Amino acid sequence: SESLVVCDVAEDLVEKLRKFRFRKETNNAAIISKLKSLPTKGISPDELKDELPERQPKTFIVYSYKYLHDDGRVSYPLCFIFSSPVGCKPEQQMMYAGSKNKLVQTAELTKVFEIRNTEDLTEEWLRERLGYFH
């Protein structure tokens, strides 16, 4: 069975994500997608949490994170972070989940993380999750 998809992924967003994935800059950067995409450069995980609504699951973040490995290597994983707040209506959760799945599939994102409480989005939280991939 297919998930309920509330919106299609616009072709210009797919292109923006492709360019974002292969960007040359070495700083942390994010595309915060609410009703429209808001590209943000030089933003930390702690600053990202201020962009997330506390009760409504309407925000997707594609985050290019400068990951410093223990052995000195540097990588720039592209993370997909979605807010699924405690206390929002189940109908909203279902619609949001279907749209999220469509975006993840269309943009070929592999590092997908859910946040239930916006206060949990910290650099430590992100590094812990990325540790499973590296």
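Attention in this report is confined to the structure presented alongside it. Sequence order as written defines residue numbering, which begins from 1 separately in each chain. Restriction of local features to residues with pLDDT of at least 70 applies here, the model being predicted, together with a cutoff of 80 or more for giving and counting side-chain atom pairs; totals for whole chains, interfaces and linings are based on all residues. Heavy atoms from the whole structure form the basis of all side-chain values; hydrogens and water molecules are not counted.

1. So, the overall build of the protein
Working definition: helices are DSSP H or I runs of at least four residues, strands are E runs of at least two. Numbering for both runs from the N terminus. Assigned secondary structure in the protein consists of 4 helices and 7 strands. Listed N to C, the secondary structure of the protein is α-β-β-α-β-β-β-β-α-β-α in terms of helices and strands. Classification of residues uses two cut-offs on accessible area relative to the type maximum, computed with a 1.4 Å probe and protein chains only: under 20% is buried, over 50% is exposed, and between them is partly exposed. A buried classification covers 41% of the 134 residues belonging to the protein. Of all intrachain contacts in the protein linking residues separated by at least 6 positions in sequence, the fraction that spans at least 24 positions is 60%. Accessible surface, the protein as shown: approximately 8100 Å² in total, 49% of it carbon and sulfur. Whether two residues are in contact is decided by their heavy atoms, any of which lying within 4.5 Å being enough. What sets the accessible areas is the Shrake-Rupley method with a 1.4 Å probe; for residues, cover comes only from the shown protein chains.

2. Some words on the pattern of salt bridges
Two side chains carrying opposite charge are able to pair once their charged atoms lie near each other. Throughout this description, the term salt bridge denotes a Lys or Arg side-chain nitrogen within 4 Å of a carboxyl oxygen of Asp or Glu. One pass over the structure, following the stated rule, counts 5 salt bridges. The salt bridge partner of R73 is D71, with a shortest N-O separation of 2.8 Å.

3. Observations concerning helix 4 (residues 123–130)
Each α-helix turn comprises 3.6 residues. Residues three or four places apart therefore point the same way. Buried within helix 4 we find W125, L126 and L130. Angularly, the buried residues of helix 4 cover 125° about the axis, an arc narrow enough to put them on a single face. The directions from the helix axis to the C-beta atoms are what the arc is built from.

4. Looking at the environment of K102
Tracing the sequence through the fold places K102 in helix 3 (residues 90–107). When its relative accessible area of 30% is taken as the criterion, K102 is described as partly exposed.

5. Observations concerning the packing of aromatic side chains
Both the distance between ring centres and the angle between the ring planes are used here to describe each pair of aromatic rings. Stacked, edge-to-face and tilted labels apply to pairs of Phe, Tyr and Trp rings (six-membered ring for Trp) whose centres lie within 6.5 Å, assigned for plane angles under 30 degrees, over 60, and everything in between, in that order. Enumeration over the complete set of coordinates arrives at 5 aromatic pairs. Geometrically, the ring pair formed by Y63 and Y65 is tilted, given 6.0 Å between the ring centres and 35° between the ring planes. Taken together, the ring pairs in this structure connect F60, F80 and F82 into an aromatic cluster. Two conditions define a charge located above a ring, namely a distance within 6 Å from the ring centre to NZ of Lys or CZ of Arg, and an angle within 35 degrees of the ring normal. The ring of F82 is capped by K100, whose NZ or CZ atom sits 4.5 Å from the centre of that ring.

6. Quick look at the pairing of strand 3 (residues 60–64)
The element strand 3 is extensively covered by neighbouring structure, given that 5 of its 5 residues are classed as buried. Neither face of strand 3 is left uncovered, since the one carrying F60, V62 and S64 and the one carrying I61 and Y63 both have all their residues buried. At least two DSSP bridges between two strands are needed for those strands to be called paired. Bridge count for strand 3 against strand 6 (residues 78–83) is 5 bridges, and the pairing is antiparallel. Each residue of the ladder has a partner; that of S64, found in strand 6, is L78.

7. A word on helix 1 (residues 11–21)
Of the positions making up helix 1, those classed as buried are L13, V14, L17 and F20. Axial view of helix 1: buried residues confined to an arc of 125°, hence all on one face. Exposed residues lying more than 90 degrees from the buried face of helix 1 are E11, D12 and K19.

8. As for the nonpolar core
Take the buried residues of types Ala, Val, Leu, Ile, Met, Phe, Trp, Tyr and Cys, join any two whose side-chain atoms come within 4.5 Å, and each joined set is a nonpolar core. Among the nonpolar cores identified, the biggest contains 17 residues, and L17, F20, F60, V62, F80, L103 and L109 are the most heavily contacted of them. For this core, the secondary-structure elements that each account for two or more residues are helix 1, strand 1 (29–33), strand 3, strand 6 and helix 3. In terms of nonpolar packing, the next biggest core, distinct from the first, is built from 15 residues, Y63, Y65, F113 and L126 among them.

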